[in-house]
Amino acid sequence: MQQALGIYGGTFNPVHFGHLALARALRDTFALSEVRLIPTGVPPHRTPGVSAMQRLEWLKLSLISEHQLNADDREVRKGKVSFTFDTLTELQQEQPHSLLVWLIGGDSFAHLPSWYRWQELLEMGHLVVANRPGFDKLPADIAGEFAKRYVEASPQALARGKISVLPTPLMPVSSTTVREKLARGEDVSNLSPIAAILQQSGLYSKNT
């Protein structure tokens, strides 16, 4: 079987159990030896009150006891907006013999045509889509690509230029929910592996 590297990018603002569940599902579904979680350094939208380094450190803490899930700081180190195309290109150059298996949410997949060099992105590895609201209402151009490239999610189906849907139930948690609860002073211990640290930091206490 060919070498394959899992890639899961996001703001992780803040990291929660849903992020870990998706990373584990990506690893287990495709029998990957490693999944890299890559926090966005400079999101296209602002991340008030929380630095990229802080989000990275929280992510690292969340992964301490996780097997084969690792934080990657490359986008944080750059300190500027990083396009997925550039990040995947860099990873492929570092691991030329590995197939990149990269995960995005169904909502992001629906808006993929707005991404930088999106058509080339589809050829850069095996794209895995987490089924989220919006995935059932794809625009025509991306729906056509999905129909042409779709294969069932399995280690045997991994191939460059293909698309699979991650067969895992969604957890009813989002970073927005965590931030809103923290802003109201509510307990988030059932939502994030670093709940106590988040609450003690006070960084989301005024965010709504």
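Residues numbered from 1 in each chain as written. Predicted model: local features only at pLDDT ≥ 70, side-chain atom pairs only at ≥ 80, totals over all residues. Heavy atoms only, no water.

1. Considerations on the nonpolar core
Thought 1: Counting 34 residues, the largest nonpolar core has Tyr8, Leu26, Phe30, Leu32, Leu37, Val101 and Leu103 as its most contacted members.
Thought 2: Secondary structure elements with two or more residues in this core: strand E1 (3-10), helix H1 (17-29), strand E2 (35-39), helix H2 (52-62), strand E4 (98-105), strand E5 (126-130), helix H8 (175-183) and helix H9 (195-201).
Thought 3: Element by element, the count of residues in this core is highest for H1, at five residues.
Thought 4: Core analysis: the second largest hydrophobic core is formed by 21 residues, Phe85, Trp118, Phe146 and Val165 among them. (Core = buried A, V, L, I, M, F, W, Y, C linked by side-chain atoms within 4.5 Å. Buried < 20%, exposed > 50% of the residue type's maximum accessible area, 1.4 Å probe, protein only. Helix = DSSP H or I, 4+ residues; strand = E, 2+ residues; numbered from the N terminus.)

2. Let's talk about the packing of aromatic side chains
Thought 1: On inspection of all chains with the given rule, the structure shows six aromatic pairs.
Thought 2: Geometrically, the ring pair formed by tryptophan 58 and tyrosine 204 is tilted, given 6.0 Å between the ring centres and 35° between the ring planes. You can see tryptophan 58 sitting in helix H2 and its partner tyrosine 204 sitting in the segment after H9, a full 146 residues away along the chain.
Thought 3: Ring geometry for phenylalanine 109 and phenylalanine 146: centres 6.0 Å apart, planes at 65°, overall edge-to-face. Separated by 37 residues along the polypeptide, phenylalanine 109 in helix H5 (residues 106-110) and phenylalanine 146 in helix H7 (residues 140-149) bring together distant segments of the chain.
Thought 4: The exposure class assigned to phenylalanine 146 is buried, which follows from its relative accessible area of 18%. (Phe/Tyr/Trp six-rings, centres within 6.5 Å; stacked < 30°, edge-to-face > 60°.)

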